[in-house]
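# Observations on chain architecture
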Amino acid sequence: MGTVNQRTRRNFLVGAGASIVALLPEKLFAARAVRSGGRLAKAPSAPNTANIYDELGVTTIINGWGTITLIGGSLMPPEVVAAMEAASKHYVSIPDLLEATGDRIAKMLEGLPPDHMATVTSGAAGAIMCGVSGVLTGENQELIQRLPDLTGMKSDVIFQKAHHEAYGYNQQILASGVKIIEVEYPEDVRRAVNGRTALLYFANYLNAAGRIKVDAWAKLAKELGVPCFNDCAADTPPIAHLTAYNKMGYDLVAWSGGKAIRGPQCAGMLIGRKDLVRAARLNAAPFDPTLGRGMKVGKEEIVGMWKAVEVYLRQDSKTETDDWWDRLEYISKQLRKVQGVTTAFYVPPIANHVPTMRIEWDPRQFSLTTDQALDFLKNGKPSVLLQEENDGVSLAMNSFMLRPGDDRIVASRLKQMFQAHRA
Ligand SMILES: *Cc1c(COP(=O)(O)O)cnc(C)c1O
């Protein structure tokens, strides 16, 4: 747990998403431990352990924080895990598999513009890196092999100053050798666009921070004849977002697979104009020499990503959202029995657009700061991670990444915490 520093992350990085299924991938590992090379392999220890991480001495976490890469993103539904296991039993052509899964994903996304397609990538960060590379090189093999040397290619990516300053993924843009050109107003964009301009780039979760909003940015790109990219990594729910930005005019949209979509943590998707998605694919593994050769997605993750989208699109969002509210209400009811503690509910507008609960305490009745509360919960057994609030006398949490039964544990740990800190 020493490496998980909750306070280095802002709440707006928390993603959004789907319901929880308790099955962890340990079943996969258990199945593989039985036989190796035709002989019976010895199980290292405690073969029936309920938790593979116990064997490693690594503490598991109850997640009231959100879809956070640092603690494993999200948990895959059993159907996704089963698809990955099935995929692990055969060799296939990876380019053929990327083509087939990309086609299936695009077909499932109703209303996707007809000239758009999808491909599985190594996370949203991988989608950004190979997406930007593809915009520069097209399908030209010579240019692909030349990156990050931009000789013969465009070199500028236009990005709003407020986005650029707060964004955590600038290096994925810069990796292909481009320069980021900062702008603030639409006039700045019109002035900045010239023969070197490759792309207009947008960070969806920072929409509120920039002067030019998400739809205006796409319109500017169209007006100026430059492709535009939107990083939407953590921006479902709602599910409709999966096609909304392509419809809005974005030529490329990046998604995390291992956040609310609950696919493999190391997978993601790039969805957009067919020529640009194809070019992006050619800039990444399994092809070499390419800049993106290190951004490999295994056959298991490729299949898992496809299956995760299928499961995600099939689910009933209303039932699921009700369930998330119920979990929070259960915890709230328990906490309201503690004198001096109050709760309030809200839904953040973007990036963690899910039911969220604020837990507040009267500082005259408890000698407890937000930091102490986070530490108390984190250092307990089981470890519980909730969200930081800035006022020093409250916490927040969401419930969409909790496993069944976790709401009971969270409520009981919070009650213990308040009991232990009565002023
Ligand atoms: C999580 C995230 C990423 C990176 O996604 P990965 O799937 O982990 O590569 C990129 N951008 C934003 C806004 C994110 O939230």
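Throughout what follows, the structure given in this document is the object of discussion. The shown structure was predicted, so the numbers you read here are calculated from the model rather than taken from an experiment.

## Re the sheet that holds strand S12 (residues 356-361)
An order of S11-S12-S15-S14 is seen for the 4 strands of this open sheet, with the pairing classed as antiparallel. Strand pairing shows two members of the sheet lacking a second neighbour, strand S11 (341-346) and strand S14 (387-388), which therefore form its edges. Sheet topology note: the S11/S12 ladder contains 6 bridges and is antiparallel. For Ala344, the partnering residue across the bridge sits in S12 and is Arg358.

## Section: the sheet that holds strand S5 (residues 156-160)
If you walk across this open sheet you meet the 7 strands as S4-S10-S9-S8-S7-S5-S6, and the pairing is mixed. Edge positions in the sheet fall to strand S4 (116-121) and strand S6 (179-183), since each has one partner strand and no second. Put simply, the sheet's adjacent strands are angled 25° from each other on average, direction ignored. Two elements, S4 and strand S10 (residues 268-273), share 6 bridges in a ladder whose sense is antiparallel. From the neighbouring strand, Val120 faces S10, where its bridge partner is Met269.

## Quick word on the pairing of strand S8 (residues 228-231)
Taking every second residue as pointing to the same face, both faces of S8 are buried, with Cys228 and Asn230 on one and Phe229 and Asp231 on the other. Where strand S7 (residues 197-203) meets S8, 4 bridges bridge the pair, whose relative direction is parallel. The residue bridging Tyr201 from the neighbouring strand is Phe229, located in S8. Taken together, S7, helix H10 (residues 214-224) and S8 constitute a β-α-β crossover, and its handedness is right-handed. In terms of strand pairing, S8 meets strand S9 (residues 252-256) through 3 bridges, oriented parallel. Each bridged residue has a counterpart across the sheet, and for Asn230 the counterpart in S9 is Val253. In terms of handedness, the path from S8 via helix H11 (residues 241-248) over to S9 forms a crossover that is right-handed.

Here is what the cut-offs are and how they apply
Residues numbered from 1 in each chain as written. Predicted model: local features only at pLDDT ≥ 70, side-chain atom pairs only at ≥ 80, totals over all residues. Heavy atoms only, no water. Pairing = 2+ DSSP bridges. Helix = DSSP H or I, 4+ residues; strand = E, 2+ residues; numbered from the N terminus. Axes fitted to C-alpha atoms, helices over the stretch in contact; angles between N-to-C directions. Buried < 20%, exposed > 50% of the residue type's maximum accessible area, 1.4 Å probe, protein only. Right-handed = clockwise from strand over helix to strand, strands pointing away.

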